[in-house]
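# Per-entry structural report
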Amino acid sequence: MIRRAVLLLLASLVLWAGAGQAQAAGYRYWSFWDRDGDRWVYATQGPSTARPSDGDVQGFRFSVSEDSGDAARPRGEADFRTICAKTPARDGRKRVALLLDFGTTTDAPSGETPPAPRTACAQVSPDATTAEALAAVAKPLRYDTSALLCAISGYPEKGCGEQMSKQQKPTAGKKNTSGDGPSLGLVAGIAVVALLGAAAIWQVRRRA
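Below: a short report on this structure. A quick note: this is a predicted structure, and the numbers were derived from the prediction, not measured.

The next point concerns the state of the cysteines. Linking two cysteines covalently through their sulfur atoms gives a disulfide. Evaluated as defined, the whole model comprises 2 disulfides. A disulfide bridge connects C84 with C121, and the sulfur atoms are separated by 2.1 Å. With the S-S dihedral at roughly 100°, the linkage between C84 and C121 falls on the right-handed side. With C84 in the loop between α2 (80-83) and β4 (94-101) and C121 in strand β5 (residues 118-124), this residue pair connects regions lying 37 residues apart in the sequence. Per residue, the accessibility class of C84 equals that of C121, and both read buried.

The following block contains the structure:
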């Protein structure tokens, strides 16, 4: 009976370890941001419905993140006057400053290299959405069947909001704690060995 119990415990520990490792760690996608003063704020609308005003600054960042609280912000200068300095104002048009951050090689899909971050000044109709402003300066764009923005200026070539496992999630910029202590598998193995040893001692004493 003890042997059966040990085997059942071993199976449970293996399943537990596997389930913990299989949990999703985030998604690889383009996040959308609004500039509020000197800081970036995660946009509350998607680019296809947001309608920026003349003089607004908006940003996009390609990265792997779990949610809006974990998302990486666009990098680089984000000043409207600087970005749109060479685009004079025109009657009946609005100017929207865009910062496009293609992310790091750590976040890039396998086999792809992210372009350097860049800025662009989109001059569009007063009722244009952010998606229309983006299309004016950063083609080709790619969307999936649910209208999720998949690629800006053709990057990345493939994929769209794919889910990443914990093993796949990039760790650049974050402390790697994989070597700070024993893994779950190691702890489980030690526990099983200890139980097997205790069971063996119990059986020897019983026979004696």
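Bringing the nonpolar core into the picture now. Within the largest apolar cluster, 20 residues are counted, with the highest numbers of intra-cluster contacts made by W30, F60, L98, L100, L134 and I152. Top contributing element to this core by residue count: β4, with 3 residues. Among residues more than four places away in sequence, those in contact with L134 are F60, L98, L100, K139, L141, L149 and I152. In this structure, V57, C84, A97 and C121 belong to the second largest nonpolar core, which totals 12 residues.

Conventions we followed
- Residues numbered from 1 in each chain as written.
- Predicted model: local features only at pLDDT ≥ 70, side-chain atom pairs only at ≥ 80, totals over all residues.
- Heavy atoms only, no water.
- Disulfide = S-S within 2.5 Å.
- Helix = DSSP H or I, 4+ residues; strand = E, 2+ residues; numbered from the N terminus.
- Buried < 20%, exposed > 50% of the residue type's maximum accessible area, 1.4 Å probe, protein only.
- Core = buried A, V, L, I, M, F, W, Y, C linked by side-chain atoms within 4.5 Å.
- Contact = heavy atoms within 4.5 Å.

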